[in-house]
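Spelled out, the chains give:
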Amino acid sequence: MVALAQYLAICDKRFFKSAIAELRKSELVDTGSIKRIYDREVFLVNSKDNQKTNPDLALEDFEFFDFVVKIDKAIVFSKNYAEIAKSVSEAVDKGKKFKIYVKKYESESAERAKDIEVAIGTEMERMGFLADLKKPEIAIFLVFLGDKIFIGKSAVGELERPKIIDWFRPSNVDDKDIGLNRASFKIAEAFNYFKVNPSKIKVAIDIGAAPGGWSYYLASKDIKVIAIDNALMDYETLCEKFKVIVISKISRGSAESIQNTIIGNGLKDVHRKNLSVSNIEIHQAQTMADLLKSYDIVQIKAPAEEAEKYMAYLKALHPGLLAIDINVKPKYGIETAKKFSQALDPEGIIITTLKFATMDTAGTISYAKNSMEDVANAIKIKKLPHNRKELTLFAYKK
Ligand SMILES: C[S@@+](CC[C@H](N)C(=O)[O-])C[C@H]1O[C@@H](n2cnc3c(N)ncnc32)[C@H](O)[C@@H]1O
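Since this is a predicted model, take the numbers as computed values, not measurements.

Visitor: Can you walk me through unusual backbone geometry in this structure?
Guide: Generally, phi is negative for residues other than glycine and the peptide bonds are trans, each holding for most cases. For the bond from Ala-210 to Pro-211, the omega torsion is 0 degrees, close enough to zero to count as cis. Residue placement: Pro-211 occurs in the loop between β9 (203-207) and α7 (213-220). Its identity as a non-glycine residue notwithstanding, His-318 has a phi of 50 degrees, on the positive side. Mapped onto the fold, His-318 is located in the loop between α13 (311-316) and β14 (321-324). Although it is not a glycine, Glu-347 sits at a positive phi angle of roughly 80 degrees.

Visitor: Can you walk me through the site of the ligand in this structure?
Guide: Neighbouring residues of the ligand: 18 residues in total, closest Gly-213, Trp-214, Asp-229, Ala-304 and Glu-305. One of the side-chain N or O atoms of Asn-181 is found 3.0 Å from an oxygen atom in the ligand. Measuring from an oxygen atom of the ligand, one finds a side-chain N or O atom of Asn-327 at 3.4 Å. When isolated, the ligand has an accessible area of 610 Å², and the protein chains bury 81% of it. At the level of elements, α7 and α12 (304-307) are the ones that each hand at least two residues to the shell around the ligand.

Visitor: Is there a simple way to think about the UniProt feature "domain: Ribosomal RNA methyltransferase FtsJ" (unreviewed entry) in the protein in this case?
Guide: UniProt feature "domain: Ribosomal RNA methyltransferase FtsJ" (unreviewed entry): in the numbering of this structure it lies at residues 181-247. With 40% helix and 21% strand, residues 181-247 has end C-alpha atoms that lie 23 Å from one another.

Visitor: Sorry if this is basic, but what is going on with the pattern of salt bridges here?
Guide: Here the idea is simple: oppositely charged side chains can pair when their charged atoms come close. Applying the stated criterion to the full structure yields 22 salt bridges. Of the charged contacts, one joins Lys-186 and Asp-325 as a salt bridge, the two residues approaching to 3.2 Å between their closest N and O atoms. Taken together, the positions of Lys-186 in helix α6 (residues 182-193) and Asp-325 in the loop between β14 and α14 (330-340) put the pair 139 residues apart, joining distant regions of the chain. Taken together, the shared-partner salt bridges in this structure form one network comprising Lys-186, Asp-325, Lys-355 and Glu-390.

Visitor: Where do I start with the sheet that holds β14 in this structure?
Guide: The strands making up a sheet associate through hydrogen bonds between their backbones, and the pairing can be parallel or antiparallel. Reading across from one edge, β12-β11-β13-β10-β9-β14-β15-β17-β16 is the order of the 9 strands in this open sheet, with mixed pairing throughout. Every other strand in the sheet has two partners, leaving β12 (275-279) and β16 (376-382) as the edge strands with one partner each. The average undirected angle you get between the axes of adjacent strands in this sheet is 20 degrees. In terms of strand pairing, strand β11 (residues 244-248) meets β12 through 5 bridges, oriented parallel. Paired with Ser-248 across the two strands is Asn-279, which belongs to β12. Relative to strand β10 (residues 224-228), α7 is tilted by about 170 degrees, and along the sheet it contacts β9, β10, β13 (297-300), β14 and β15 (349-355). The strands touched by helix α9 (residues 255-264) within the sheet are β11 and β12, with β12 carrying the most contacts at an inclination of about 150 degrees.

What counts and how
Residues numbered from 1 in each chain as written. Predicted model: local features only at pLDDT ≥ 70, side-chain atom pairs only at ≥ 80, totals over all residues. Heavy atoms only, no water. Helix = DSSP H or I, 4+ residues; strand = E, 2+ residues; numbered from the N terminus. Near = heavy atom within 4 Å. Polar contact = N/O pair within 3.5 Å; in protein donor to acceptor, adjacent residues only side chain to side chain. Areas by Shrake-Rupley, 256 points an atom, 1.4 Å probe, with all protein chains shown as cover. UniProt positions renumbered as here; feature names shortened; annotations may be inferred. Salt bridge = Lys/Arg side-chain N within 4 Å of Asp/Glu carboxyl O. Pairing = 2+ DSSP bridges. Axes fitted to C-alpha atoms, helices over the stretch in contact; angles between N-to-C directions. Contact = heavy atoms within 4.5 Å.

In C-alpha coordinates, the structure reads:
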(Lines give C-alpha, C1' and ligand atoms only; values in the text may rest on other atoms or scores of the structure.)
Protein backbone atom coordinates (compact mmCIF):
# COMPACT_ATOMS: atom_id res chain seq x y z
CA MET A 1 0.00 0.00 0.00
CA VAL A 2 1.30 3.47 -0.85
CA ALA A 3 1.28 5.80 2.13
CA LEU A 4 -0.68 8.94 1.38
CA ALA A 5 1.22 12.18 1.39
CA GLN A 6 0.16 14.57 4.08
CA TYR A 7 0.32 18.32 3.69
CA LEU A 8 0.15 21.28 6.01
CA ALA A 9 -1.71 24.14 4.34
CA ILE A 10 -1.73 27.59 5.90
CA CYS A 11 -3.71 30.62 4.77
CA ASP A 12 -4.25 34.20 5.84
CA LYS A 13 -7.31 34.47 8.04
CA ARG A 14 -8.82 37.02 5.66
CA PHE A 15 -9.03 34.37 2.98
CA PHE A 16 -10.16 31.55 5.23
CA LYS A 17 -13.60 31.00 3.65
CA SER A 18 -12.26 31.07 0.10
CA ALA A 19 -9.37 28.82 1.11
CA ILE A 20 -11.55 26.14 2.68
CA ALA A 21 -13.89 26.17 -0.33
CA GLU A 22 -10.85 25.76 -2.54
CA LEU A 23 -9.58 22.75 -0.58
CA ARG A 24 -13.00 21.14 -0.72
CA LYS A 25 -13.26 21.35 -4.46
CA SER A 26 -9.66 20.43 -5.19
CA GLU A 27 -9.07 17.30 -7.20
CA LEU A 28 -5.68 16.82 -5.57
CA VAL A 29 -7.00 16.62 -2.04
CA ASP A 30 -8.74 13.74 -0.35
CA THR A 31 -11.59 15.93 0.87
CA GLY A 32 -12.49 13.48 3.64
CA SER A 33 -9.07 14.10 5.18
CA ILE A 34 -9.33 17.89 5.54
CA LYS A 35 -8.74 18.70 9.16
CA ARG A 36 -8.50 22.18 10.59
CA ILE A 37 -6.01 22.17 13.42
CA TYR A 38 -5.22 24.40 16.37
CA ASP A 39 -8.38 26.34 15.67
CA ARG A 40 -6.55 28.56 13.25
CA GLU A 41 -6.20 28.83 9.51
CA VAL A 42 -4.12 25.72 9.33
CA PHE A 43 -5.21 22.49 7.72
CA LEU A 44 -3.81 19.02 7.56
CA VAL A 45 -4.85 17.31 4.35
CA ASN A 46 -3.99 14.16 2.48
CA SER A 47 -3.35 14.20 -1.21
CA LYS A 48 -5.40 11.84 -3.30
CA ASP A 49 -2.54 10.09 -4.93
CA ASN A 50 1.00 10.20 -3.64
CA GLN A 51 2.42 9.52 -7.10
CA LYS A 52 0.99 12.58 -8.74
CA THR A 53 1.71 15.28 -6.24
CA ASN A 54 4.76 16.99 -4.86
CA PRO A 55 5.01 20.04 -2.60
CA ASP A 56 5.48 22.57 -5.41
CA LEU A 57 2.67 21.13 -7.44
CA ALA A 58 0.30 21.28 -4.51
CA LEU A 59 1.32 24.84 -3.83
CA GLU A 60 0.81 25.95 -7.42
CA ASP A 61 -2.69 24.61 -7.36
CA PHE A 62 -4.03 26.68 -4.50
CA GLU A 63 -4.95 30.32 -4.92
CA PHE A 64 -5.54 31.31 -1.35
CA PHE A 65 -2.84 29.60 0.68
CA ASP A 66 0.34 31.19 2.00
CA PHE A 67 2.00 27.86 1.60
CA VAL A 68 1.38 24.16 1.39
CA VAL A 69 4.17 21.94 2.61
CA LYS A 70 4.49 18.18 2.51
CA ILE A 71 4.88 16.75 5.99
CA ASP A 72 7.09 13.75 6.78
CA LYS A 73 6.18 13.66 10.43
CA ALA A 74 4.98 15.62 13.41
CA ILE A 75 6.70 15.54 16.79
CA VAL A 76 5.74 16.94 20.16
CA PHE A 77 7.30 20.33 20.83
CA SER A 78 10.47 20.21 22.85
CA LYS A 79 13.00 22.83 23.88
CA ASN A 80 15.72 20.25 23.49
CA TYR A 81 17.34 20.95 20.12
CA ALA A 82 19.34 17.72 20.17
CA GLU A 83 16.06 15.84 20.42
CA ILE A 84 14.48 17.79 17.54
CA ALA A 85 17.62 17.31 15.43
CA LYS A 86 17.41 13.57 16.02
CA SER A 87 13.83 13.45 14.69
CA VAL A 88 14.78 15.65 11.73
CA SER A 89 17.78 13.46 10.94
CA GLU A 90 15.50 10.44 10.54
CA ALA A 91 13.74 12.21 7.69
CA VAL A 92 16.93 13.29 5.88
CA ASP A 93 19.53 11.49 3.80
CA LYS A 94 22.95 11.88 5.46
CA GLY A 95 24.84 12.40 2.22
CA LYS A 96 22.80 15.47 1.22
CA LYS A 97 23.77 19.01 2.10
CA PHE A 98 20.92 20.59 4.02
CA LYS A 99 19.50 23.91 5.08
CA ILE A 100 16.82 24.37 7.72
CA TYR A 101 13.90 26.75 7.44
CA VAL A 102 11.80 27.39 10.52
CA LYS A 103 8.42 29.04 10.70
CA LYS A 104 6.67 29.71 13.99
CA TYR A 105 2.96 29.99 14.59
CA GLU A 106 1.77 30.51 18.17
CA SER A 107 4.44 28.13 19.27
CA GLU A 108 5.53 27.43 22.80
CA SER A 109 9.01 28.43 21.72
CA ALA A 110 9.99 32.00 22.60
CA GLU A 111 13.07 32.03 20.38
CA ARG A 112 13.41 33.62 16.97
CA ALA A 113 13.00 31.38 13.94
CA LYS A 114 16.56 32.25 12.80
CA ASP A 115 18.05 31.25 16.15
CA ILE A 116 16.17 27.95 16.11
CA GLU A 117 17.48 27.25 12.60
CA VAL A 118 21.05 27.78 13.76
CA ALA A 119 20.61 25.71 16.93
CA ILE A 120 19.08 22.69 15.16
CA GLY A 121 21.49 22.99 12.23
CA THR A 122 24.43 22.92 14.66
CA GLU A 123 23.07 19.78 16.33
CA MET A 124 22.64 18.13 12.93
CA GLU A 125 26.24 18.94 12.02
CA ARG A 126 27.35 17.45 15.31
CA MET A 127 25.61 14.25 14.18
CA GLY A 128 27.65 14.24 10.96
CA PHE A 129 25.17 15.94 8.61
CA LEU A 130 26.46 18.62 6.28
CA ALA A 131 24.89 22.07 6.34
CA ASP A 132 25.19 24.31 3.28
CA LEU A 133 23.38 27.60 3.53
CA LYS A 134 24.29 28.80 0.03
CA LYS A 135 23.76 25.67 -2.04
CA PRO A 136 21.74 23.14 -0.11
CA GLU A 137 20.58 19.97 -1.85
CA ILE A 138 17.74 19.54 0.53
CA ALA A 139 15.54 22.13 2.22
CA ILE A 140 14.12 21.07 5.57
CA PHE A 141 10.99 22.86 6.70
CA LEU A 142 10.07 22.94 10.36
CA VAL A 143 6.72 24.43 11.28
CA PHE A 144 6.37 25.17 14.98
CA LEU A 145 2.69 25.17 15.71
CA GLY A 146 1.13 24.98 19.17
CA ASP A 147 2.54 21.98 21.00
CA LYS A 148 3.85 20.32 17.82
CA ILE A 149 6.65 20.61 15.32
CA PHE A 150 5.85 19.52 11.75
CA ILE A 151 8.78 18.32 9.67
CA GLY A 152 8.82 18.45 5.87
CA LYS A 153 11.48 18.58 3.18
CA SER A 154 12.02 19.34 -0.47
CA ALA A 155 14.90 18.59 -2.83
CA VAL A 156 16.69 21.67 -4.13
CA GLY A 157 17.77 21.60 -7.77
CA GLU A 158 21.22 22.61 -8.99
CA LEU A 159 20.01 25.72 -10.74
CA GLU A 160 16.62 26.42 -9.37
CA ARG A 161 15.76 26.73 -5.74
CA PRO A 162 12.25 25.43 -5.16
CA LYS A 163 9.66 28.20 -5.13
CA ILE A 164 8.47 26.82 -1.84
CA ILE A 165 11.45 28.38 -0.04
CA ASP A 166 10.26 31.87 -0.97
CA TRP A 167 6.72 30.99 -0.07
CA PHE A 168 7.66 29.42 3.22
CA ARG A 169 9.09 32.60 4.65
CA PRO A 170 9.20 35.49 2.17
CA SER A 171 11.63 37.45 4.34
CA ASN A 172 14.26 34.86 3.42
CA VAL A 173 14.50 36.37 -0.02
CA ASP A 174 17.51 38.58 -0.63
CA ASP A 175 16.13 42.04 -1.41
CA LYS A 176 19.14 43.62 -2.98
CA ASP A 177 18.84 41.74 -6.24
CA ILE A 178 15.29 42.62 -7.02
CA GLY A 179 14.61 46.21 -6.40
CA LEU A 180 13.73 49.29 -4.60
CA ASN A 181 11.32 48.12 -1.90
CA ARG A 182 9.12 45.24 -0.74
CA ALA A 183 6.63 46.05 -3.50
CA SER A 184 9.27 45.10 -6.10
CA PHE A 185 8.92 41.50 -4.93
CA LYS A 186 5.20 41.51 -5.59
CA ILE A 187 5.62 42.31 -9.27
CA ALA A 188 8.64 39.98 -9.55
CA GLU A 189 6.60 37.17 -8.00
CA ALA A 190 3.66 37.90 -10.30
CA PHE A 191 5.95 37.73 -13.37
CA ASN A 192 7.42 34.50 -12.11
CA TYR A 193 4.19 32.83 -11.02
CA PHE A 194 2.08 33.83 -14.03
CA LYS A 195 4.99 33.16 -16.40
CA VAL A 196 5.18 36.61 -17.95
CA ASN A 197 7.91 36.99 -20.55
CA PRO A 198 9.30 40.51 -20.00
CA SER A 199 10.98 40.62 -23.39
CA LYS A 200 7.54 40.62 -25.02
CA ILE A 201 6.54 43.82 -23.25
CA LYS A 202 7.87 47.10 -24.61
CA VAL A 203 5.75 49.58 -22.63
CA ALA A 204 3.92 49.25 -19.31
CA ILE A 205 1.46 51.48 -17.49
CA ASP A 206 2.12 51.40 -13.73
CA ILE A 207 -0.73 52.93 -11.70
CA GLY A 208 -0.12 53.73 -8.03
CA ALA A 209 3.55 53.74 -8.93
CA ALA A 210 5.09 55.69 -6.05
CA PRO A 211 7.60 55.23 -4.52
CA GLY A 212 8.57 53.10 -7.50
CA GLY A 213 9.22 49.44 -6.66
CA TRP A 214 7.23 48.17 -9.62
CA SER A 215 8.57 50.80 -12.01
CA TYR A 216 12.11 49.96 -10.92
CA TYR A 217 11.56 46.25 -11.54
CA LEU A 218 9.89 46.83 -14.92
CA ALA A 219 12.56 49.28 -16.09
CA SER A 220 15.21 46.73 -15.05
CA LYS A 221 13.58 44.35 -17.53
CA ASP A 222 14.04 46.93 -20.30
CA ILE A 223 10.37 47.85 -20.27
CA LYS A 224 9.54 51.54 -20.74
CA VAL A 225 7.25 52.67 -17.95
CA ILE A 226 4.45 55.21 -17.78
CA ALA A 227 4.13 55.63 -14.01
CA ILE A 228 0.91 57.23 -12.79
CA ASP A 229 0.78 58.57 -9.25
CA ASN A 230 0.32 61.99 -7.73
CA ALA A 231 2.82 61.13 -5.00
CA LEU A 232 6.53 61.74 -5.52
CA MET A 233 8.65 58.70 -6.30
CA ASP A 234 12.03 57.64 -4.91
CA TYR A 235 13.99 59.50 -7.61
CA GLU A 236 17.20 59.07 -5.64
CA THR A 237 17.14 55.31 -6.23
CA LEU A 238 15.40 55.34 -9.62
CA CYS A 239 17.83 57.85 -11.11
CA GLU A 240 20.84 55.81 -10.11
CA LYS A 241 19.92 53.42 -12.91
CA PHE A 242 17.25 55.07 -15.04
CA LYS A 243 16.34 58.31 -16.77
CA VAL A 244 13.13 59.69 -15.35
CA ILE A 245 10.86 62.55 -16.36
CA VAL A 246 8.02 63.82 -14.21
CA ILE A 247 5.21 65.55 -16.06
CA SER A 248 2.66 67.49 -14.10
CA LYS A 249 -0.15 69.96 -14.64
CA ILE A 250 0.85 73.60 -14.19
CA SER A 251 -2.09 73.97 -11.81
CA ARG A 252 -0.43 71.45 -9.50
CA GLY A 253 2.77 73.48 -9.32
CA SER A 254 5.28 74.59 -11.91
CA ALA A 255 7.96 72.22 -13.11
CA GLU A 256 10.51 74.35 -11.31
CA SER A 257 8.74 74.19 -7.95
CA ILE A 258 8.35 70.39 -8.22
CA GLN A 259 12.03 70.06 -9.08
CA ASN A 260 12.91 72.21 -6.08
CA THR A 261 10.79 70.02 -3.80
CA ILE A 262 12.53 66.90 -5.09
CA ILE A 263 15.96 68.45 -4.58
CA GLY A 264 14.83 69.68 -1.16
CA ASN A 265 13.93 66.07 -0.35
CA GLY A 266 17.57 65.19 -0.80
CA LEU A 267 18.12 64.23 -4.44
CA LYS A 268 21.89 64.14 -4.85
CA ASP A 269 23.34 66.40 -7.49
CA VAL A 270 24.87 63.46 -9.36
CA HIS A 271 21.39 62.08 -10.03
CA ARG A 272 19.97 65.34 -11.34
CA LYS A 273 21.14 64.69 -14.86
CA ASN A 274 18.86 61.67 -14.95
CA LEU A 275 15.81 63.58 -13.77
CA SER A 276 13.68 66.10 -15.64
CA VAL A 277 10.43 67.77 -14.74
CA SER A 278 8.08 69.36 -17.20
CA ASN A 279 4.48 70.45 -17.58
CA ILE A 280 1.97 68.11 -19.09
CA GLU A 281 0.16 70.82 -21.04
CA ILE A 282 2.96 70.88 -23.58
CA HIS A 283 2.76 67.13 -24.27
CA GLN A 284 0.64 65.37 -26.83
CA ALA A 285 0.37 61.81 -28.04
CA GLN A 286 3.36 62.24 -30.30
CA THR A 287 5.60 63.85 -27.70
CA MET A 288 4.62 61.17 -25.18
CA ALA A 289 6.07 58.57 -27.55
CA ASP A 290 9.16 60.76 -27.98
CA LEU A 291 9.57 60.99 -24.23
CA LEU A 292 9.70 57.20 -24.04
CA LYS A 293 12.59 57.26 -26.51
CA SER A 294 14.64 59.49 -24.23
CA TYR A 295 13.47 58.32 -20.80
CA ASP A 296 13.04 54.93 -19.10
CA ILE A 297 10.29 56.09 -16.79
CA VAL A 298 7.75 58.83 -17.53
CA GLN A 299 5.77 59.74 -14.45
CA ILE A 300 2.40 61.38 -14.99
CA LYS A 301 2.16 63.11 -11.64
CA ALA A 302 -1.59 62.87 -11.19
CA PRO A 303 -4.14 60.49 -9.69
CA ALA A 304 -5.57 57.84 -12.02
CA GLU A 305 -8.90 59.69 -12.37
CA GLU A 306 -7.06 62.67 -13.82
CA ALA A 307 -4.70 60.61 -15.98
CA GLU A 308 -7.75 59.03 -17.63
CA LYS A 309 -7.88 62.15 -19.79
CA TYR A 310 -4.71 60.97 -21.49
CA MET A 311 -6.16 57.57 -22.41
CA ALA A 312 -5.78 58.23 -26.14
CA TYR A 313 -2.08 59.09 -25.63
CA LEU A 314 -1.59 55.94 -23.59
CA LYS A 315 -3.35 53.76 -26.16
CA ALA A 316 -1.12 55.15 -28.90
CA LEU A 317 1.91 53.75 -27.04
CA HIS A 318 0.56 50.16 -27.37
CA PRO A 319 1.38 49.16 -23.80
CA GLY A 320 1.67 45.41 -23.28
CA LEU A 321 1.12 45.54 -19.53
CA LEU A 322 -1.23 47.36 -17.19
CA ALA A 323 0.08 47.05 -13.62
CA ILE A 324 -1.97 48.50 -10.75
CA ASP A 325 -1.08 48.70 -7.08
CA ILE A 326 -3.24 51.40 -5.50
CA ASN A 327 -4.18 51.40 -1.86
CA VAL A 328 -7.93 51.63 -2.38
CA LYS A 329 -10.89 49.30 -1.90
CA PRO A 330 -10.82 46.30 -4.28
CA LYS A 331 -13.94 47.46 -6.10
CA TYR A 332 -12.26 50.73 -6.98
CA GLY A 333 -9.11 48.86 -7.99
CA ILE A 334 -11.18 46.73 -10.37
CA GLU A 335 -12.90 49.80 -11.82
CA THR A 336 -9.50 51.36 -12.45
CA ALA A 337 -8.26 48.16 -14.10
CA LYS A 338 -11.31 48.02 -16.34
CA LYS A 339 -11.02 51.67 -17.34
CA PHE A 340 -7.31 51.58 -18.12
CA SER A 341 -7.54 48.23 -19.87
CA GLN A 342 -8.91 50.34 -22.74
CA ALA A 343 -5.34 51.45 -23.35
CA LEU A 344 -4.15 47.86 -23.92
CA ASP A 345 -4.15 45.98 -27.19
CA PRO A 346 -5.89 42.58 -27.19
CA GLU A 347 -3.82 39.97 -25.27
CA GLY A 348 -2.22 42.75 -23.22
CA ILE A 349 -1.48 41.67 -19.63
CA ILE A 350 -3.31 43.04 -16.61
CA ILE A 351 -1.81 42.63 -13.14
CA THR A 352 -3.52 44.27 -10.21
CA THR A 353 -3.39 43.86 -6.47
CA LEU A 354 -6.70 43.67 -4.61
CA LYS A 355 -6.50 45.05 -1.08
CA PHE A 356 -8.71 43.56 1.60
CA ALA A 357 -9.38 45.69 4.64
CA THR A 358 -12.39 43.69 5.81
CA MET A 359 -13.00 40.01 6.42
CA ASP A 360 -15.71 39.76 3.78
CA THR A 361 -13.52 38.58 0.96
CA ALA A 362 -15.32 35.72 -0.80
CA GLY A 363 -17.97 38.03 -2.30
CA THR A 364 -15.38 40.59 -3.38
CA ILE A 365 -13.28 37.93 -5.05
CA SER A 366 -16.17 36.62 -7.12
CA TYR A 367 -17.19 40.21 -7.89
CA ALA A 368 -13.65 40.91 -9.10
CA LYS A 369 -13.57 37.84 -11.32
CA ASN A 370 -17.07 38.39 -12.74
CA SER A 371 -16.56 42.06 -13.29
CA MET A 372 -13.21 41.60 -15.05
CA GLU A 373 -14.77 39.09 -17.41
CA ASP A 374 -16.26 42.01 -19.37
CA VAL A 375 -12.81 43.06 -20.49
CA ALA A 376 -10.46 40.13 -19.85
CA ASN A 377 -9.80 36.43 -20.38
CA ALA A 378 -8.01 33.75 -18.34
CA ILE A 379 -8.47 35.61 -15.06
CA LYS A 380 -6.46 34.19 -12.20
CA ILE A 381 -6.12 35.24 -8.59
CA LYS A 382 -3.23 34.27 -6.33
CA LYS A 383 -1.97 35.09 -2.87
CA LEU A 384 1.72 35.64 -3.61
CA PRO A 385 4.39 35.44 -0.89
CA HIS A 386 4.83 39.20 -0.59
CA ASN A 387 1.11 40.00 -0.71
CA ARG A 388 -0.05 41.17 2.69
CA LYS A 389 -3.77 41.70 3.21
CA GLU A 390 -4.11 41.52 -0.56
CA LEU A 391 -4.30 39.19 -3.53
CA THR A 392 -2.88 39.56 -7.01
CA LEU A 393 -5.17 39.34 -10.03
CA PHE A 394 -3.77 38.40 -13.43
CA ALA A 395 -5.62 38.44 -16.76
CA TYR A 396 -5.30 39.00 -20.51
CA LYS A 397 -7.18 41.84 -22.16
CA LYS A 398 -9.89 40.50 -24.47
C1 LIG B 1 1.08 50.65 -2.08
S2 LIG B 1 1.58 52.12 -2.85
C3 LIG B 1 2.22 51.52 -4.34
C4 LIG B 1 3.60 50.97 -4.26
C5 LIG B 1 4.24 50.88 -5.61
N6 LIG B 1 3.55 49.94 -6.50
C7 LIG B 1 5.68 50.50 -5.54
O8 LIG B 1 6.05 49.54 -6.17
O9 LIG B 1 6.48 51.17 -4.88
C10 LIG B 1 0.06 52.83 -3.33
C11 LIG B 1 0.15 54.07 -4.16
O12 LIG B 1 -1.12 54.28 -4.76
C13 LIG B 1 -1.26 55.67 -4.96
N14 LIG B 1 -2.67 55.95 -5.22
C15 LIG B 1 -3.73 55.88 -4.38
N16 LIG B 1 -4.86 56.21 -5.03
C17 LIG B 1 -4.51 56.48 -6.31
C18 LIG B 1 -5.22 56.90 -7.47
N19 LIG B 1 -6.51 57.10 -7.44
N20 LIG B 1 -4.52 57.08 -8.60
C21 LIG B 1 -3.19 56.88 -8.65
N22 LIG B 1 -2.48 56.49 -7.59
C23 LIG B 1 -3.12 56.31 -6.44
C24 LIG B 1 -0.71 56.27 -3.69
O25 LIG B 1 -0.32 57.62 -3.93
C26 LIG B 1 0.47 55.34 -3.40
O27 LIG B 1 1.67 55.89 -3.88
